[in-house]
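# Residue-level structural notes
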Amino acid sequence: MGLLSDPNRRKALTNLLTRLNTPICMVCYLAAIVWFMGLAFEPFTLRTYMSENAMGSTMVEERFSAGERALSTAKEFDAHKRKAGGMPVDWLVKMMQARGLEVFTQSFSRKLPFPDENKERYMVRGTNVYGILRAPRAPRTEALVISAPCSPGNSNNQAVGLLLGLAQYFRNQVYWAKDIIFLVNEHDLIGMQAWLEGYHHTNITGMEYSPLQGRAGSIQAALSLELSSDVITSLDLILEGLNGQLPNLDLANLFYAFCQKLGVLCTIQGKLQRNDWDTAEGYTHAAQTMMLMVLKQACGRSWGDHGLFLRYHIEAASIRGINSFRHYKMDTTTIGRLLEGMVRKLNNLLERLHQSYFFYLLPSLSRFVSIGYYMPAFGLLAVILLLRALDIWVHLGTPALAAVDGVSEAEQPSGPGVLSVLTPVVISHLTGVALYLLPVHLQEIAVEHFPVSETEAVVLTAIAIYTAGLALPHNTQRLLSGEGTEQGWKVLKLTALLYLAALLGCTALINFSLGFILAVTLVPITASITPHMPKALSALAMVLLSPAFTILYCVFIYQELIEAPVSINEGWMLFLSVISQGILDHALYGSLVYPLLALFIYPCWLMFWNILFWK
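Keep in mind that this is a model prediction, so the values were computed, not measured.

With that settled, consider the overall build of the protein chain. Counting its regular elements, the protein chain contains 22 helices and 15 strands. Relative to its length of 615 residues, the protein chain is compact, with a C-alpha radius of gyration of 28 Å against a globular reference of 25 Å. The principal-axis extent of the C-alpha atoms belonging to the protein chain is close to 105 × 60 × 45 Å. Put simply, the protein chain has 615 residues, and 53% of those count as buried. Accessible surface, the protein chain as shown: approximately 26900 Å² in total, 61% of it carbon and sulfur.

In the contact formed by helix H17 (residues 486-510) and helix H22 (residues 593-612), the axes pass within 9 Å of each other and the chain directions differ by 155 degrees. Taken together, the axes of H17 and H22 are roughly antiparallel relative to one another. Classified by chirality, the crossing of H22 by H17 is left-handed. Across the interface between the two elements, Trp-489, Leu-492, Lys-493, Ala-496, Leu-497, Tyr-499, Leu-500, Leu-503, Leu-504 and Thr-507 of H17 pack against Leu-596, Phe-600, Ile-601, Cys-604, Met-607, Phe-608, Asn-610 and Ile-611 of H22. Counted by class, the contact of H17 with H22 contains 15 nonpolar, two polar and one charged residues.

Our next topic: helix H9 (residues 249-262). Its 14 residues give H9 an end-to-end C-alpha distance of 20 Å, which sits within 8% of 20 Å, the value for a rise of 1.5 Å per residue. Among the 14 residues that make up H9, ten are buried, leaving the element largely enclosed by the rest of the structure. Here H9 has its buried residues at Leu-249, Asp-250, Leu-251, Ala-252, Asn-253, Leu-254, Phe-255, Tyr-256, Phe-258 and Cys-259. Positive phi appears at Gly-263, one or two residues downstream of H9, with a value of about 70 degrees.

Of all five residues making up strand E8 (residues 234-238), five are buried, and the element is well covered by its neighbours. Of the two faces of E8, both are covered, the one formed by Ser-234, Asp-236 and Ile-238 as well as the one formed by Leu-235 and Leu-237. Here five bridges tie E8 to strand E11 (residues 315-322), and the two strands are oriented antiparallel to one another. Each bridged residue has a counterpart across the sheet, and for Ser-234 the counterpart in E11 is Ile-322. Where E8 lies against strand E9 (residues 266-268), three bridges are found, and the strand directions are parallel. Bridging across to E9, Asp-236 finds its partner in Thr-267. Where the polypeptide runs from E8 across H9 and back to E9, its parallel neighbour, the crossover connection is right-handed.

With respect to topology, ten strands assemble into an open sheet ordered E6-E2-E3-E5-E4-E7-E11-E8-E9-E10, the strand pairing being mixed. Each having just a single partner strand, strand E6 (208-209) and strand E10 (271-272) make up the two edges of the open sheet. Of the strands in this sheet, E8, E9 and E11 are in contact with H9, which crosses E11 at around 35 degrees.

With that settled, consider the UniProt feature "transmembrane region" (unreviewed entry) in the protein chain. Listed under "transmembrane region" (unreviewed entry) in the UniProt record, and renumbered for this structure, are residues 20-41, 373-396, 496-525, 537-558 and 592-614. Counting secondary structure, residues 373-396 comes out at 100% helix and 0% strand; the distance between its end C-alpha atoms is 36 Å.

Formed by 187 residues in total, the largest nonpolar core has its most connected members in Phe-170, Phe-182, Trp-195, Leu-235, Phe-255 and Leu-338. Broken down by element, the residue count for this core peaks at 15 residues, all from H22. Not counting residues up to four positions away in its chain, the partners in contact with Leu-338 are Leu-235, Phe-255, Phe-258, Cys-259, Leu-262, Val-264 and Ile-319.

To continue, consider the sheet that holds strand E12 (residues 360-361). If you walk across this open sheet you meet the three strands as E1-E13-E12, and the pairing is antiparallel. The sheet terminates laterally at strand E1 (46-47) and E12, the two strands that pair on one side only. Two elements, E1 and strand E13 (residues 367-370), share two bridges in a ladder whose sense is antiparallel. When the bridges of E13 are listed, Arg-47 appears paired with Arg-367.

What follows is about the environment of Val-491. Looking at where Val-491 falls in the secondary structure, it is placed in helix H17. Along the chain, Val-491 and Ile-392 lie 99 residues apart, while their C-alpha atoms are 8.0 Å from each other.

Compared with an ideal rise of 1.5 Å per residue, which puts 18 residues at 26 Å, helix H3 (residues 21-38) spans 25 Å between its outermost C-alpha atoms and is within 8% of the ideal. Taken as a whole, H3 has its buried residues at Asn-21, Cys-25, Cys-28, Ala-32, Phe-36 and Gly-38. Considered in projection along H3, the buried side chains sweep an arc of 155 degrees and stay on one side of the axis. Pointing more than 90 degrees away from the buried face of H3 are the exposed residues Met-26, Val-27, Leu-30 and Val-34.

What follows concerns a nonpolar patch on the surface. Nonpolar side chains collect at one region of the surface, where Val-433, Leu-437, Leu-438, Leu-442 and Ile-445 lie side by side and expose about 360 Å² of accessible area between them. If one sorts the elements of the nonpolar patch by residue count, helix H13 (residues 418-441) sits on top with three residues. Classification of Leu-438 by relative accessible area gives partly exposed; the value is 33%.

On to the pairing of strand E3 (residues 121-133), then. Burial analysis of E3 places ten of its 13 residues in the buried class, which makes it a mostly covered element. Here strand E2 (residues 102-116) runs beside E3; their pairing, made up of eleven bridges, is antiparallel. Paired with Glu-102 across the bridge in E3 is Ile-132. As judged from the five bridges shared by E3 and strand E5 (residues 179-186), these two strands associate in the antiparallel manner. Its bridge partner lying in E5, Ile-132 is registered against Ile-181.

This brings us to the environment of Phe-359. Along the chain, Phe-359 turns up in the loop between helix H11 (332-347) and E12. With 28 residues separating them in the primary sequence, Phe-359 and Asp-331 have C-alpha atoms 34 Å apart. Discounting residues that sit within four places of it in the chain, Phe-359 has contacts with Val-369, Ser-370, Ile-371, Tyr-374, Leu-509 and Ile-510.

So, about the packing of aromatic side chains. Applying the stated criterion across every chain, the model contains 25 aromatic pairs. The interplanar angle of 55 degrees and the centroid separation of 6.1 Å between the aromatic rings of Phe-549 and Tyr-553 together place this pair among those described as tilted. One end of the pair is Phe-549 and the other is Tyr-553, both in helix H20 (residues 547-561) and four residues apart, which spans about a single turn. With a relative accessible area of 32%, Tyr-553 lands in the partly exposed category. Clustering of aromatic rings is evident, with ring pairs tying together Phe-64, Tyr-169, Phe-170, Tyr-175, Trp-176 and Phe-182. Here the basic side chain of Arg-215 rests over the ring of Tyr-199, its NZ or CZ set 4.4 Å away from the ring centre. For Arg-301, the ring lying beneath its charged end belongs to Trp-303, and the centroid distance is 4.7 Å.

Rules behind the numbers
Residues numbered from 1 in each chain as written. Predicted model: local features only at pLDDT ≥ 70, side-chain atom pairs only at ≥ 80, totals over all residues. Heavy atoms only, no water. Helix = DSSP H or I, 4+ residues; strand = E, 2+ residues; numbered from the N terminus. Rg over C-alpha atoms; globule rule 2.2 N^0.38 Å. Buried < 20%, exposed > 50% of the residue type's maximum accessible area, 1.4 Å probe, protein only. Areas by Shrake-Rupley, 256 points an atom, 1.4 Å probe, with all protein chains shown as cover. Axes fitted to C-alpha atoms, helices over the stretch in contact; angles between N-to-C directions. Parallel < 35°, antiparallel > 145°, perpendicular 65-115°, else oblique. Left-handed = near helix turned anticlockwise from the far one by under 90°. Contact = heavy atoms within 4.5 Å. Nonpolar A, V, L, I, M, F, W, Y, C, P; charged D, E, K, R; others polar. Expected span 1.5 Å × (residues − 1). Pairing = 2+ DSSP bridges. Right-handed = clockwise from strand over helix to strand, strands pointing away. UniProt positions renumbered as here; feature names shortened; annotations may be inferred. Core = buried A, V, L, I, M, F, W, Y, C linked by side-chain atoms within 4.5 Å. Arc of directions from axis to C-beta. Patch = residues over 30% accessible without salt bridge, like charges linked within 9 Å, V, L, I, M, F, W, Y side chains within 5 Å. Salt bridge = Lys/Arg side-chain N within 4 Å of Asp/Glu carboxyl O. Phe/Tyr/Trp six-rings, centres within 6.5 Å; stacked < 30°, edge-to-face > 60°. Lys NZ or Arg CZ within 6 Å of the ring centre and 35° of its normal.

This is the structure we're talking about:
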């Protein structure tokens, strides 16, 4: 404290930071990248462990043996689904009732803001079917959920068959202390959203649904099954939920523990764990796995039905069966026993999962990176913005030297007009509001005047508004009376730097991956931009490091990491699809990535773009 309270020492520290500002910023940026990439190195990570005593004290004995019967039920379900042309509601109700469950249905409908061309749907109508197994040894105040989406075609039939098999087996057991809900939802996430809103008496997305006639207790945890083959070689654990939310790490630890016990091959991000961490190949494998999790989390979408449960503070995960060319095979009985063990351990919970981490990254299922390890990487990037803001603040307060009759005298700089600074800020945010609102509202006009579909109209309108923002400096200067001053762009940049630091900081606290990716691309150019730089080269650099190009880079990197590289044309089509899905996810499920980029990140970038062309 003495260093800051002493005016001389404080002045010396300020002079040091301003004199070495650029070298310190460069070192911080390089250190942040090295720190983050080093997180995948096994000695720098922590070994996973079970924190919840109720789940880690003993291991249960699994006795489920109806795997073949579950497969035959899956074939019967597939036949009835083909006959009904969708989900066989009556057959499912009959089968659940035969297993002694309290069975209820829920109808729902949702009109999309524009057609979803990926799944070829616009007006969605469907029915959810769920059965409740009441707890015989408890007051029925808590519940667990096992769900399986009813997917079109041959997808996920085995999951529904296994769900019904588990329902029949669980019905004959007497040790359940929680209600167990067996849910078959139609139209994947839309059906799950309708069921969750009906269960919790909320309506936050404009969904139309019938009220639920039957309820169980407060849901403590949920598992979603995705099995689409009779032959499974490995089980993949999916954790990423809406807006980058993750379930409690103990849920992943529980899955990994039972996979180890039963000898089941398990993967995360579709990648098996390697033990050769001290080799270049082992490190590269761990880094690719961690980067896949970062990219999936950053996009803000729910990668499975489980992702919507997290909004209601319900710990949930999806388990997906993988049928690859590995020689190892596992039968449905083994998968059923794994699920039985997980449900029985969750049944022992005395309170919600809370002992372990909620913020983490996984380079493998046996190692994790906690928030205390990865947050310094972002902090080093945020420090750059603060150091540049400090440098500008010092220069703004330093009087300029003017020569009068051969004698240098201190001259107080003339302060910039409020209008010259406020105008770019307001116009930038109005452009962001247009980017957020107009694409969906102008789709009908665009379809009438151009030969495009509704989805193409929305995406192309968004791109057009985004591109039109590049003309902002010219329009801003036309609104100003006179030219901007030297002090004006410095005040604007000081405001923009602090604004960007606050935006990225808040984003990283909610969704670290999104905040870190945006910081990696935005911090270098925003920290260094001035009106005195070469216009053409600087403008090219700013465009290449803009939010839109960041999304484009992530598309190509993701395809490389999943070992499915695409051409430039295919990558562009995927980029357009990502934009449409981001807008749809915001309208249907409340994803915050699109409004964050449109209303805050893009306007902030436009403020720096205006600084580059400051007159």
